[in-house]
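Survey of secondary and tertiary structure
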Amino acid sequence: ERMLSNLAAGRPLTEEVPGIVYDDRTGITSSPPCAPLLPKQIPTPDYDDMPLGRYLSAEITLPLLSSRGCYWGKCEFCHHHMVYGGKYNAYEVEKILESIRSLSHRYGVHHFAFNDEAIPPKIMRAMGQLFPANAETGWNFTGLIKFEKYFQRDDFVNLQRVGFRSLYVGLESASERVLSLMHKNNTKETMIRNLSDATSAGIWMHNFLFFGFPGETDEDAQETYDFVLTNSDIISSFGTAVFVLEHNAPIFHHLRDFGVEIRPSALDDVDVYYEFDLTSGIAPPRAREWMRKLNNAALDIPSYNAAGWVPRELQLCLLSIMPPGELVDRGLSIRRFGGLPPGATLPDIVSWEATPNEDTGVAINRVNGRTVQVTGASASLLELCHSKEVSLVDMKAAAPAFFDHLVFPSARLTSEAVMSPVPAPLSAGSVAH
């Protein structure tokens, strides 16, 4: 708007325009960003121009905020504050509730994802106390939190009652020494209590963690490894990563304190991640070894490999129709059945297309994309089974060779396939003829 006003008035286009980078003929310069809007100045989001019905989702899940910025804002590894200038403001709970009512009525949605850096503890408690029960509204929520001594068991019971089905939390490390280096300042006692209270309340608890923060030792990594493997009863799922050095994260401004030296780069770009060397502690290659070691060990724990990586909005849809325990049981039964739901019929999963000469057909598994070409009498038989909606259980018993061609090859059921947020690539052997 300021640029258009300048243009209409004949002023220089960039005059008093905040938050831009431009060439002023003497070189590249920038103007200061404008002050962030206060939550009370921001209206309920408007999604009228979004084709919500065209999204490939079981249920439309709309994003929400209960705050802007991060109430903690101290983590050494995080550069998110660059986005919002280090400012923090929380919405009033009544305003949040008003927005949810408006969005639910306007778009007919019942699923919402709080995209805060972490829902502020007092806001979280107030939502559990003031929001109507899920039994009345059908609303379902997911969000991110930080471990806090402040949380009590009743907070999680109330959140589950009003519709919170999953929460995502930054465990980062189970070593209190490393957490102190990160300025995360959590204790094992608090983490275990929060996880126990939330899990017993019926909330799915996903934990983020990473190896290789500068100063971390193998002994520290072992603590995280042991914590995750011995607490599978209160950790619903987890995602592992390796520390990356991000531009303008707090650690970036005192690298020497952590024994970090940035490697010179010949690239002239705007990448915000840096390669680095350490004077002590776990270097990135060793951190990746710990990541793989944990992911592989977790495959021996049924609850951890009941499902692969699931986008949290889809996870919310699943948890809105079944409790966490049932989701794990169903995931394990699907895993045991080759990646397919045992209760399904052939047309539920498989598309069948006969060729013009009618003695050949192609079966396509819509779940994993595998394709099987069938010829002769087998094609006629399969077409009959498809039209009669034969169950997959019966197909497995009567035609095990065909069934085996349709399911995931066992080689894909690795730690990467289970834990990685990036789907494992299909191999050349994934398409059978």
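The structure presented is a predicted model; accordingly, all values stated were derived computationally and were not measured.

Moving on to the overall build of the chain. For the chain, the count of helices and strands is 17 helices and 17 strands. Counting over 433 residues, the chain shows a buried share of 43%. With 37 positive and 52 negative side-chain charges, the chain shows a separation of 4 Å between the mean positions of the two kinds.

Once that is clear, we can look at the sheet that holds strand S16 (residues 360-365). Two orientations exist for strands paired in a sheet by backbone hydrogen bonds: parallel and antiparallel. As summarised here, the arrangement of the three strands in space is S15-S16-S17, forming an open sheet in which the pairing is antiparallel. Both edges of this open sheet fall to strand S15 (350-354) and strand S17 (371-375), since each of them pairs with a single strand only. Adjacent strand axes in the sheet meet at a mean angle of 20° when their direction is disregarded. Pairing of S16 with S17, which is carried by five bridges, proceeds in the antiparallel orientation. Across the sheet, residue Ala363 finds its bridge partner in S17, namely Val372. Packed on one face of the sheet, helix H14 (residues 377-387) meets S15, S16 and S17 and runs near 130° to S15.

Taken as a whole, the chain shows an average pLDDT of 88; of its residues, 93% reach a score of 70 or greater. Contacts from residues 410-433, a stretch scored under 50 in pLDDT, to residues over four places away or in other chains number 39 contacts.

Our next topic: the packing of aromatic side chains. Under the defined criterion, the tally for this structure stands at 20 aromatic pairs. Residues Phe131 and Phe141 carry aromatic rings whose centres are separated by 5.8 Å and whose planes lie at 50° to one another, so their mutual orientation is tilted. Taken together, the residues span a long stretch of sequence, with Phe131 in the loop between helix H4 (121-130) and helix H5 (134-137) and Phe141 in strand S7 (residues 140-145) at a distance of ten residues. An aromatic cluster is defined as three or more aromatic residues linked by ring pairs; in this entry it consists of Phe77, Phe210, Phe213, Phe243, Phe258 and Phe276. A cation sits over an aromatic face here: Lys74 above Trp72, 4.4 Å from the ring centre. Across from the ring centre of Tyr225, 4.8 Å away, lies the NZ or CZ of Lys293, which sits over that ring.

Right, let's get into the packing of H4 against helix H6 (residues 153-162). The contact between H4 and H6 brings their axes to 8 Å, and the two run at 55°. As the angle between them shows, H4 and H6 are arranged oblique. Crossing of H4 over H6 shows left-handed handedness. Counted together, Met124, Arg125, Met127, Gly128 and Gln129 of H4 and Asp155, Phe156, Asn158, Leu159, Arg161 and Val162 of H6 form the full contact between these two elements.

Regarding H6, the residues found buried are Asp155, Phe156, Asn158, Leu159 and Val162. Take H6 and look down its axis: the buried residues cluster within an arc of 160°, on one side only. Summarising the contacts, the buried residues of H6 are in contact with H4, H5, S7, strand S8 (164-172) and helix H8 (188-200). Positive backbone phi, at 125°, marks Gly163, one or two positions downstream of H6.

Residues of S17 alternate between two faces, with Val372 and Val374 buried on one and Thr371, Gln373 and Thr375 left unburied on the opposite face. Hairpin remark: S16 followed by S17, antiparallel, with five residues in the connecting loop; positive phi at Gly369, about 80°.

So, on to the environment of Gly308. Mapped onto the elements of the fold, Gly308 is located in the loop between helix H10 (284-298) and helix H11 (312-319). The partly exposed category is assigned to Gly308, whose relative accessible area is 33%. The spatial distance from the C-alpha of Gly308 to the C-alpha of Ser237 is 9.7 Å, given a sequence separation of 71 residues.

Pairing is parallel in the open sheet, where six strands are placed in the order S3-S6-S7-S8-S9-S10. Pairing within the sheet leaves two strands with one partner each, and these edge strands are strand S3 (61-64) and strand S10 (237-242). Mean inter-strand twist for the sheet, computed between neighbouring axes without regard to direction, equals 20°. As judged from the four bridges shared by S3 and strand S6 (residues 111-114), these two strands associate in the parallel manner. Looking at the pairing, Leu64 lines up with Phe114 of S6.

For Thr142, the position within the fold is in strand S7. Reaching out from Thr142, the side chain makes a polar contact with the side chain of Ser166 at a distance of 2.7 Å. Setting aside residues no more than four positions away along its own chain, Thr142 makes contact with Phe112, Ala113, Phe114, Phe164, Ser166, Tyr168, Arg312 and Leu316.

What follows deals with the packing of helix H3 (residues 93-107) against H4. Where H3 meets H4, the closest approach of the two axes is 10 Å, and the angle between their N-to-C directions is 55°. Taken as axis vectors, H3 and H4 run oblique relative to one another. In the packing of H3 onto H4, the handedness of the crossing is right-handed. Packed against H3, whose contacting residues are Val93, Glu94, Ile96 and Leu97, the element H4 presents Ile123, Ala126, Met127 and Leu130 at the interface. Grouping the constituent residues of the contact of H3 with H4 by class yields seven nonpolar, no polar and one charged.

Procedures and definitions
- Residues numbered from 1 in each chain as written.
- Predicted model: local features only at pLDDT ≥ 70, side-chain atom pairs only at ≥ 80, totals over all residues.
- Heavy atoms only, no water.
- Helix = DSSP H or I, 4+ residues; strand = E, 2+ residues; numbered from the N terminus.
- Buried < 20%, exposed > 50% of the residue type's maximum accessible area, 1.4 Å probe, protein only.
- Lys, Arg positive; Asp, Glu negative; His and termini not counted.
- Charge placed at Lys NZ, Arg CZ, Asp CG, Glu CD.
- Pairing = 2+ DSSP bridges.
- Axes fitted to C-alpha atoms, helices over the stretch in contact; angles between N-to-C directions.
- Contact = heavy atoms within 4.5 Å.
- pLDDT = per-residue confidence, 0-100.
- Phe/Tyr/Trp six-rings, centres within 6.5 Å; stacked < 30°, edge-to-face > 60°.
- Lys NZ or Arg CZ within 6 Å of the ring centre and 35° of its normal.
- Parallel < 35°, antiparallel > 145°, perpendicular 65-115°, else oblique.
- Left-handed = near helix turned anticlockwise from the far one by under 90°.
- Arc of directions from axis to C-beta.
- Polar contact = N/O pair within 3.5 Å; in protein donor to acceptor, adjacent residues only side chain to side chain.
- Nonpolar A, V, L, I, M, F, W, Y, C, P; charged D, E, K, R; others polar.

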